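What follows is the residue order along each chain.
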Amino acid sequence: MGNSQDTPANVVELRLEHPEVPEVWAGESLEFFAVIHSSSDKARRYKAWSEPHIVGLLSDDVITVSIFAAKSKWHFENMQCDEYAELYVPWSVLSGQLQQGVELTFSLGVQRGVHWLGHGASLPDYVDAFYNAYSTTEADPSAPHVKMGVRLVEHFVEGYEGLHEVPGGLM
């Protein structure tokens, strides 16, 4: 996919709702955190659930949402966290469905411990992972999931700087 030095062809607002998943493992209450990545942007921490965040996208890009669980923000920032799930949103799937300024919302199923594709997967692998996660919540709306909203902002934004850096070198 695209070179991370390329100028984004599109800019979207991505909004993530807090994951609807069991938060208690082995008697511990854990918090969830997300890191957003696209080929146009570095890996960046998603700052606040339900708040829109700007993401630059190349024409062949994939938005990757990595979800982590930690005891606290401090534990997450110091990389004392568990990889919970990773979600993939290919631009090729969304681009034909978005209208300027109108938010498209959908839910993607999350499963703890499923193999993450990483940055070397093929576009068809990301598309398959997207549709598998999407079909999970279509078949069972009560399944663990993350609700997302994506809104096309501009095809190019002069001076675009991306999201906020991930703390502590995570990712």
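Remember, predicted model here, so these are calculated numbers, not experimental data.

Draft legend 1. Just the side chain of threonine 137, in detail. Relative to the elements of secondary structure, threonine 137 occurs in helix α3 (residues 123-139). From its side chain, threonine 137 meets the backbone oxygen of serine 107 in a polar contact 2.9 Å long.

Draft legend 2. Geometry of the sheet that holds strand β4 (residues 31-37). Sheet architecture is open: 4 strands sit in the order β5-β4-β7-β8, paired in antiparallel fashion. Each having just a single partner strand, β5 (44-45) and β8 (82-90) make up the two edges of the open sheet. By the bridge criterion, 7 bridges tie β4 to strand β7 (residues 62-70) in an arrangement that is antiparallel. When the bridges of β7 are listed, phenylalanine 33 appears paired with phenylalanine 68. On top of the sheet, α3 reaches β7 and β8; it is set at about 105 degrees to β8, its chief contact.

Draft legend 3. Structural view of the nonpolar core. Among the nonpolar cores identified, the biggest contains 33 residues, and Val12, Leu14, Leu16, Ile63, Val65, Leu87 and Met148 are the most heavily contacted of them. Apart from the residues lying within four places of it in its own chain, the contact partners of isoleucine 63 are Val12, Leu14, Ile36, His37, Val55, Leu57, Leu87, Tyr88 and Val89.

Draft legend 4. Quick peek at the environment of glycine 109. For glycine 109, the position within the fold is in strand β9 (residues 103-109). Taking the relative accessible area as the measure of exposure, glycine 109 reaches 9% and is therefore buried. Spatially, the C-alpha atom of glycine 109 lies 5.5 Å from that of threonine 137, the residues being 28 residues apart in sequence. Residue contacts for glycine 109: discarding those within four places in its chain leaves Leu87, Ala133, Thr136, Thr137, Pro144 and His145.

Draft legend 5. Fine view of the pattern of salt bridges. As enumerated under the stated definition, the model contains 4 salt bridges in all. A salt bridge links glutamate 17 to arginine 15, with the nearest nitrogen and oxygen atoms 2.3 Å apart. Of the residues examined, arginine 15 reaches a relative accessible area of 16% and is grouped as buried. The salt bridge partner of glutamate 103 is arginine 15, with a shortest N-O separation of 2.9 Å. Linking glutamate 103 in strand β9 with arginine 15 in strand β1 (residues 10-16), this pair joins segments that are 88 residues apart in sequence. Through salt bridges with shared partners, one network takes in Arg15, Glu17 and Glu103.

About the cut-offs
Residues numbered from 1 in each chain as written. Predicted model: local features only at pLDDT ≥ 70, side-chain atom pairs only at ≥ 80, totals over all residues. Heavy atoms only, no water. Helix = DSSP H or I, 4+ residues; strand = E, 2+ residues; numbered from the N terminus. Polar contact = N/O pair within 3.5 Å; in protein donor to acceptor, adjacent residues only side chain to side chain. Pairing = 2+ DSSP bridges. Contact = heavy atoms within 4.5 Å. Axes fitted to C-alpha atoms, helices over the stretch in contact; angles between N-to-C directions. Core = buried A, V, L, I, M, F, W, Y, C linked by side-chain atoms within 4.5 Å. Buried < 20%, exposed > 50% of the residue type's maximum accessible area, 1.4 Å probe, protein only. Salt bridge = Lys/Arg side-chain N within 4 Å of Asp/Glu carboxyl O.

Geometric descriptors of this kind do not, in isolation, establish any biological role.
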